[in-house]
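# Examining the three-dimensional arrangement
Now for the letters of each chain:
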Amino acid sequence: MKGYKVTWGWEPESFLCPTDGVVKYAIGKTTRPRRDCGPLAVFESIDAASSMFEGVTPYSIHIRVWECEYEPSQEERLYTPQGQCCSIPEGTRFASSITLTRMVDSTILSDV
């Protein structure tokens, strides 16, 4: 399925997750959750992904939005060995794997 992944940093990694659940991503490579962690989070639409940036200019603070392909997960919550993750933003879907396909142009985000 097509979705949108929000990442942090120059080398894309999970955004807003406890440190023991951080996942690193690479364009074109399939990424799966870390051992003993729940599913990966992905947004269903560009609008939902953009909601993460309320009051912030995304690409100026190393936050990136990626178009991706994902396999839906049967799990219904995010967790790590430290416990359950924070509140889940609207439009979030859970994935058993994610493959980043391309970075979304920042001008598209400013139009949303």
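This text goes with the structure placed above it.
What comes next is a walk through the structure. Please read all numbers here as calculations on a predicted model, not as lab measurements.

Right, let's talk about the pairing of strand 5 (residues 63-72) for a bit. Side-chain positions along a regular strand alternate between the two faces of the sheet. A large share of strand 5 lies buried, amounting to seven of its 10 residues. Summarising the sheet, strand 1 (residues 2-8) and strand 5 pair through seven bridges and their orientation is antiparallel. Within the sheet, the bridge partner assigned to Thr-7 lies in strand 5 and is Arg-64.

So, about the pairing of strand 1. Among the seven residues in strand 1, five count as buried, and that is most of the element. Relative to strand 2 (residues 13-14), strand 1 runs antiparallel, the two being bridged by two bridges. Within the sheet, the bridge partner assigned to Thr-7 lies in strand 2 and is Ser-14. With antiparallel pairing between neighbouring strands as the criterion, strand 1 and strand 2 make up a hairpin whose turn holds four residues, including Gly-9 at a positive phi of roughly 95°.

Calculation notes
Residues numbered from 1 in each chain as written. Predicted model: local features only at pLDDT ≥ 70, side-chain atom pairs only at ≥ 80, totals over all residues. Heavy atoms only, no water. Buried < 20%, exposed > 50% of the residue type's maximum accessible area, 1.4 Å probe, protein only. Helix = DSSP H or I, 4+ residues; strand = E, 2+ residues; numbered from the N terminus. Pairing = 2+ DSSP bridges.

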